[in-house]
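# Tertiary structure, described
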Amino acid sequence: METTIEKVETSSVDIKALNEKIQESSAFLDLLTLEMGKVIIGQKNMVEKLLIGLLSNGHVLLEGVPGLAKTLAIKTLSDAIDGVFSRVQFTPDLLPADIVGTVIYNPKKEEFSVKKGPIFANFLLADEINRSPAKVQSALLEAMQEKQVTIGDTTFELPKPFLVLATQNPIDQEGTYPLPEAQVDRFMLKVVLDYPTKEEEKIIIRNNISAQGFPKVNKILTPHDILKAREVVKEVYMDEKIEQYIVDIVFATRTPKEYGLPEYENLISFGGSPRASINLASAAKAYAFIKRRGYVIPEDVRAICKDVMRHRIGVTYEAEAENITSLDIIDGILNKVIVP
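My aim in this report is to walk through the structure given alongside it, one point at a time. The structure displayed is predicted, hence computed values, not measured ones.

### Here we look at the overall build of the protein chain
When you go through the protein chain residue by residue, the secondary structure sums to 15 helices and 11 strands. Taking 2.2 N^0.38 as the reference for a compact globule, 340 residues should give roughly 20 Å; the C-alpha atoms of the protein chain span a radius of gyration of 22 Å, in line with that estimate. Expressed along its principal axes, the backbone C-alpha trace of the protein chain runs to roughly 80 × 50 × 50 Å. Taking the contacts inside the protein chain whose residues are at least 6 apart along the sequence as the reference set, 78% of them involve residues at least 24 apart. Accessible surface for the protein chain amounts to roughly 17,500 Å². Of this, 53% is attributable to carbon and sulfur atoms. Taking the 40 positively charged and 48 negatively charged side chains of the protein chain as two groups, their mean positions are separated by 5 Å.

### What to know about the sheet that holds strand β5 (residues 123-127)
Strand order across the open sheet formed by five strands is β2-β5-β8-β1-β9, with parallel pairing between neighbours. Strands with a single pairing partner mark the edges of an open sheet, and in this sheet they are β2 (85-89) and β9 (187-192). Between one strand axis and the next, the sheet turns through 15 degrees on average, direction left out of account. Where β5 and strand β8 (residues 163-168) come together, four bridges link them in parallel fashion. Its bridge partner lying in β8, F123 is registered against L163.

### Description of the nonpolar core
Formed by 72 residues in total, the largest nonpolar core has its most connected members in F28, L55, L77, I249, L280, F289 and V301. Counting residues in each nonpolar core, the second largest holds 25 residues, with F120, F156, V164 and F187 among its members.

### With respect to the pairing of strand β4 (residues 111-116)
Alignment of strand β3 (residues 101-106) against β4, held across six bridges, turns out to be antiparallel. Bridging across to β4, G101 finds its partner in K116. Two successive antiparallel strands, β3 and β4, enclose a turn made up of four residues, where E110 displays a positive phi of approximately 55 degrees.

### Some points on unusual backbone geometry
Omega for the peptide link from K160 to P161 comes to -10 degrees, which places this bond in the cis form. Within the secondary structure, P161 sits in the loop between β7 (154-157) and β8. In this model, N57 sits at a positive phi of 60 degrees, which is unusual for a non-glycine residue. Residue classification places N57 among the partly exposed residues on the basis of a relative accessible area of 36%. For K147, which is not glycine, the phi torsion reads 60 degrees and is therefore positive.

### Thoughts on the packing of aromatic side chains
If you walk through the whole model with that rule in mind, you get three aromatic pairs. Judged by centre distance (5.0 Å) and plane angle (55 degrees), the ring pair of Y105 and F112 falls under tilted. For Y105, a relative accessible area of 43% gives the class partly exposed. The interplanar angle of 85 degrees and the centroid separation of 6.1 Å between the aromatic rings of F120 and F156 together place this pair among those described as edge-to-face. Taken as a pair, F120 in the loop between β4 and β5 and F156 in strand β7 lie far apart in primary sequence, 36 residues in all. On the accessibility criterion, F120 (15% relative accessible area) is buried. The aromatic ring of F120 is capped on one face by K116, whose charged end is 4.8 Å from the ring centroid.

### Quick look at the pattern of salt bridges
Scanning the entire structure with this criterion turns up 18 salt bridges. E35 is the salt-bridge partner of K38, the closest N and O atoms lying 3.1 Å from each other. Highlighted residues: K38 and E35, both in helix α2 (residues 28-39), separated by three residues, approximately one helical turn. Residue D82 is joined to K219 by a salt bridge in which the shortest nitrogen-to-oxygen separation is 3.8 Å. Placement of D82 in the loop between α4 (70-81) and β2 and of K219 in the loop between α9 (198-209) and α10 (223-235) is noted, with a sequence separation of 137 residues between them.

### Structural notes on helix α11 (residues 240-254)
Taking 1.5 Å per residue, 15 residues should reach 21 Å; α11 reaches 21 Å between its end C-alpha atoms and fits that length. Residues I242, Y245, I246, D248, I249, V250, A252 and T253 constitute the buried set of α11. Buried residues in α11 make contact with β10 (268-270), α12 (274-290), α13 (298-309) and α15 (326-336). Here α11 starts with a cap whose side-chain oxygen sits 2.9 Å from the backbone nitrogen of K241, and that cap is D239.

About the thresholds
- Residues numbered from 1 in each chain as written.
- Predicted model: local features only at pLDDT ≥ 70, side-chain atom pairs only at ≥ 80, totals over all residues.
- Heavy atoms only, no water.
- Helix = DSSP H or I, 4+ residues; strand = E, 2+ residues; numbered from the N terminus.
- Rg over C-alpha atoms; globule rule 2.2 N^0.38 Å.
- Contact = heavy atoms within 4.5 Å.
- Areas by Shrake-Rupley, 256 points an atom, 1.4 Å probe, with all protein chains shown as cover.
- Lys, Arg positive; Asp, Glu negative; His and termini not counted.
- Charge placed at Lys NZ, Arg CZ, Asp CG, Glu CD.
- Pairing = 2+ DSSP bridges.
- Axes fitted to C-alpha atoms, helices over the stretch in contact; angles between N-to-C directions.
- Core = buried A, V, L, I, M, F, W, Y, C linked by side-chain atoms within 4.5 Å.
- Buried < 20%, exposed > 50% of the residue type's maximum accessible area, 1.4 Å probe, protein only.
- Phe/Tyr/Trp six-rings, centres within 6.5 Å; stacked < 30°, edge-to-face > 60°.
- Lys NZ or Arg CZ within 6 Å of the ring centre and 35° of its normal.
- Salt bridge = Lys/Arg side-chain N within 4 Å of Asp/Glu carboxyl O.
- Expected span 1.5 Å × (residues − 1).
- Polar contact = N/O pair within 3.5 Å; in protein donor to acceptor, adjacent residues only side chain to side chain.

Okay, structure coming up:
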């Protein structure tokens, strides 16, 4: 009995010490959010999800109509962190070599040399990624997963941190190539953006036509600071019950009948992969870090579940005929799976 009490006390001391460490390590988040807030009006959800991707070494896919500050948000984040920023405008005639680089022959020296592409950056903005064919989209696969690029016979490591932030426009269907499941699954989060409020839009107008010019962002962090913060995020405590909760959510997308949701069997064509479970856990830890906590609670998992899972659940034609989306399925699963 004594040993049990001792274990509980030790555990509570560890959590307390961890909480203090998280409070100290996450202090930069207020400053970073403040700097981004100078330029990005509203869109708090987008800024928060970009930070989650950054802190948990995950890539982010942003979807929204033109003019919602998708590109601006990513450029602003890069400026505040003093990272190397690259932008690639995806077009139907883009080639893989335009992204990763290529081998060039130098006639004077009579030798081949490697010319690195824009992918060699801390922040790569893949603008309108669904405008390019599959061979170009797949050029990002190795880089996103392995954090390396092969040009000719040589493999190069990418800078750290390396974050791909892709945007896609949902309203134009002509001349677009929908991302294949394998490519979409590489993104930790898919964030769907909405229009700003009336008050926010007034401030946006004011900022853009102001005599003082557009607000400037100060460099307040370095890439090294982000790498240090990532190590602290990994230390955030996740109880076994939370792990089980994450596994149950993902498994409910694969075998809904076992979780009392037989009506979903004909609505889901494929469920979340193991990458969904890994990303759900990593994003929950990053979310807890943002909320200045040294441990993950079920609400953290629920808060980021839709952005992690929405692009990992395939819906059948039957579901589409009934206007049931992957978000509706996620809502049903979250309401049914027992919360620890």
